[in-house]
Number of protein chains: 2
Amino acid sequence: MDLATFDPSSRLAATTTLETLETPCLVLDADRMDRNITRLRNRLDSLGVSLRPHLKTAKSTDVARRIMSAPEGPATVSTLKEAEQFATDGVRDMIYAVGIAPEKLARVVELRAKGVDLVVVLDTVEQAEAVAAASRKAGMRIPAMIEIDCDGHRSGVVPNNHAQLLEIGKVLAAGAELRGVLTHAGDSYRGGGDEAQHHYAQAERLAVVEAAQLLRGAGLPCPVVSVGSTPTAHHAKDLTGVTEVRAGVFVFFDLVMAGIGICHVDDIALSVLATVIGHQREKGWIITDGGWMSLSRDRGTGKQAVDQGYGLVCDIDGSAYQDIIVADANQEHGIIAVRPGSDARLPDLAIGDRVRILPNHACAAAAQHEAYHVVRSRSHAVEACWPRFGGW
Amino acid sequence: MDLATFDPSSRLAATTTLETLETPCLVLDADRMDRNITRLRNRLDSLGVSLRPHLKTAKSTDVARRIMSAPEGPATVSTLKEAEQFATDGVRDMIYAVGIAPEKLARVVELRAKGVDLVVVLDTVEQAEAVAAASRKAGMRIPAMIEIDCDGHRSGVVPNNHAQLLEIGKVLAAGAELRGVLTHAGDSYRGGGDEAQHHYAQAERLAVVEAAQLLRGAGLPCPVVSVGSTPTAHHAKDLTGVTEVRAGVFVFFDLVMAGIGICHVDDIALSVLATVIGHQREKGWIITDGGWMSLSRDRGTGKQAVDQGYGLVCDIDGSAYQDIIVADANQEHGIIAVRPGSDARLPDLAIGDRVRILPNHACAAAAQHEAYHVVRSRSHAVEACWPRFGGW
């Protein structure tokens, strides 16, 4: 893998290492990332479906090009800012997978007019009518997918609400473009083991396949049948009727995914590099400059069997210390301690020593940073700096 | 108050209103902010101490100039990036209030060489020796303050560890510059009412005043005696011996501060503007585009008497709905619901309607955004766009 060139605006020199980076900062292990990508791609190839990666985790064109099957996509995005940025960088096939607000349609039209096949998502008749009205006004049929609620988790039409599904479908087919149906098995993040995940994956598949059948039975088109969550993508045994799978966090993985058994801790490609800035020896604390501003406030493992605090602490090579976590965090201070109940010992770290912290939630931790500092496994050489973006 | 000019790089036009902003975005009520600033300034004036505002909350020069007593400072920062950015914008007197890592001293020296009086903070002999070594190397005495641990909350020398305090003081006085002592009553964020806050404020004061006496008694200089937290700044009755107060979140306030009685909900100057994008009527949910990416993952009220979820929901004018909160959040979805146990009714909001969400924690929510959209109370006109920055 070619890790490409350094960001010219960065402070990085060609000799930058994990010892010389300014901390806190985000480190990406490209070998682990490649392994994660290959694993899911092979899995979906064997199931005969295509991957439409969700780029909300990475928000980086350098990462996106490694996940997507082609530079043009397909891809999934969570904001119009992502759609606009990735379009600038050549992506031509995207689903904006958050229910569309009518006033955002002007930006959708603008991108579509530039040749980007951007598809919106909705779950109400009001939104479908707004898409039809915007289509009329723009003189183009804006494609939309109907979101299905496969598990009561968040948004979407409940699968047995046939009347609403058909009404939305008819409004879109008449005045815009009905591109298909889409769902997200949000409940799969709760875990529960392989059997539960097989169940979530099957429920996710059936919800959209049956919705597609209903629409087609009424003479409506439904070319795309889209499912997606990282846990179900790694557990589905049968994707008959599904045309594509969306997944995002699989590219980096994180402690939440490890906590529900979707990956191992040493698959996690993302870490926050931090420097020791103090000790409170009587309390068993090591203080670092890796606070919640760099780790995010995400406490996603707080309700899991193993609570990882604000993150699991690794040495500078990326090997996790046994039971050493960021037990608490202030804005720019992280408090490293032994996990409660463990008889592990604190590592012997001096002021100025560095650690790497695996995050609870890759999407949230990455969002706190402006760039990925890219290394290979077991190497300290920073081979590239990949910018990332935020905003809406 | 002159709200200054629009950021030229922004999408904003002079006719921008709360109805036309792209959502989600950050809204700042300048009238509330002014009131909050005046309140603390009057209080500290009456106590005869100066305010050294902590700029980590705002990370904006437009806001900083309204909080600081002069364009040159004094001010407090939490990162060297803040120090560098504010120095570029004319601030000349700053404390970097996070324990110094030795390898960060090169950037400190660089700023000091430009005429910025940047002071570092430390609590170990190793750090003092590193500051002395860097001072020798740079041919300048780098000023440092000794952090005192007034409540076991995080960092600092325990007040009764006289030996360590004196040793650090001697190393600094001999090889660098001993500027003074500093503490932060982190425990005050737990609340407990006025009496508890008076106690926290007194403990905070005594910790540094006694440390200063110890140093002076040993013939060491200690010109600056610095305390600081928003709760104690609003409760201290006597600041004898203290030369300055640091506080940050007071400028905007937030639900955590309201939850411990430091402000009222209608003092909170910061909100996230979001748009309704769906309904799940059977569940009593309204879905908006204000997810945790715009609100942050901070759940600071989760352990308070009143759990505000991911934020308290207001109408577009900024008036809070009774018991309507963001009950759950995904990356770009917020789920609005009635607070559990309340008999309030969901407001009647249609797709496309807008709400303003008061955040748990102003520092964390603001950090998710690139700009403040500035309005007056009860006005929808966006009078300015103030950029903010992040990073280290």
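All of these numbers come straight from a predicted model, not from anything done at the bench.

Draft legend 1. Here's a closer look at the packing of aromatic side chains. Applying the stated rule across the entire model yields 4 aromatic pairs over all chains. Between phenylalanine 86 of chain A and phenylalanine 389 of chain A the ring centres are 5.4 Å apart and the planes differ by 65°, which places this aromatic pair in the edge-to-face class. One end of the pair, phenylalanine 86 of chain A, is in helix H3 (residues 80-88); the other, phenylalanine 389 of chain A, is in the segment after strand E17 (384-387), with 303 residues separating them in the sequence. On the accessibility criterion, phenylalanine 86 of chain A (0% relative accessible area) is buried. When the ring centre of tyrosine 310 of chain B is taken as reference, the NZ or CZ atom of arginine 299 of chain B above it lies at 5.6 Å.

Draft legend 2. View of the sheet that holds strand E2 (residues 50-51) of chain B. Residues and elements named next belong to chain B. As summarised here, the arrangement of the 8 strands in space is E2-E9-E8-E7-E6-E5-E4-E3, forming an open sheet in which the pairing is parallel. The outermost strands of the open sheet, each flanked by one partner alone, are E2 and strand E3 (75-77). The sheet contact formed by strand E7 (residues 177-183) and strand E8 (residues 224-227) spans 3 bridges and is parallel. Looking across to E8, one finds that valine 181 is bridged to valine 225. In this fold helix H4 (residues 105-113) packs onto strand E5 (117-122) and strand E6 (143-148), with an angle of close to 155° to the strand it touches most, E5.

Draft legend 3. Quick peek at the pairing of strand E10 (residues 270-280) of chain B. Residue and element names in this part refer to chain B. Of all 11 residues in E10, 11 are buried; the element is thus mostly enclosed. Pairing of strand E1 (residues 25-29) with E10, which is carried by 4 bridges, proceeds in the antiparallel orientation. Looking at the pairing, valine 27 lines up with serine 271 of E10. As paired elements, E10 and strand E11 (residues 285-288) share 4 bridges and run antiparallel to each other. Its bridge partner lying in E11, valine 276 is registered against threonine 288. Hairpin connection of E10 to E11: 4 residues between the antiparallel strands, including glycine 284 at a positive phi of 75°.

Draft legend 4. The arrangement of the domain arrangement of chain A in detail. All names here are of chain A. Annotation of chain A at the domain level lists domain 1 (30-253) and domain 2 (261-387). Computed over C-alpha atoms, the centres of domain 1 and domain 2 are 32 Å apart. With 24 residues of domain 1 at the interface, the matching set in domain 2 holds 19 residues. With both sides pooled, the region where domain 1 packs onto domain 2 buries about 1,900 Å², and carbon together with sulfur makes up 55% of that total. The largest per-residue losses of area from domain 1 upon contact with domain 2 belong to Arg32, Phe252 and Phe253, which jointly make up 35% of the total buried on that side. In this structure, arginine 35 engages aspartate 267 in a salt bridge whose closest nitrogen and oxygen atoms are separated by 3.0 Å. On inspection of domain 1 and its partner domain 2, the count reaches 11 residue pairs in polar contact (both at pLDDT 80 or more). Where the side of domain 1 that touches domain 2 is concerned, the elements lending two or more residues are helix H1 (30-47), helix H2 (61-67) and helix H8 (230-233). Among the elements that take part in the side of domain 1 that touches domain 2, H1 stands out by supplying 7 residues, more than any other. Looking at the side of domain 1 that touches domain 2 residue by residue, the classes come out as 9 nonpolar, 7 polar and 8 charged.

Reading the values: the criteria
Residues numbered from 1 in each chain as written. Chains lettered and ligands numbered in written order. Predicted model: local features only at pLDDT ≥ 70, side-chain atom pairs only at ≥ 80, totals over all residues. Heavy atoms only, no water. Phe/Tyr/Trp six-rings, centres within 6.5 Å; stacked < 30°, edge-to-face > 60°. Helix = DSSP H or I, 4+ residues; strand = E, 2+ residues; numbered from the N terminus. Buried < 20%, exposed > 50% of the residue type's maximum accessible area, 1.4 Å probe, protein only. Lys NZ or Arg CZ within 6 Å of the ring centre and 35° of its normal. Pairing = 2+ DSSP bridges. Contact = heavy atoms within 4.5 Å. Axes fitted to C-alpha atoms, helices over the stretch in contact; angles between N-to-C directions. Domains from an automatic or database assignment. Buried area = accessible area lost by both parts, 1.4 Å probe. Salt bridge = Lys/Arg side-chain N within 4 Å of Asp/Glu carboxyl O. Polar contact = N/O pair within 3.5 Å; in protein donor to acceptor, adjacent residues only side chain to side chain. Nonpolar A, V, L, I, M, F, W, Y, C, P; charged D, E, K, R; others polar.

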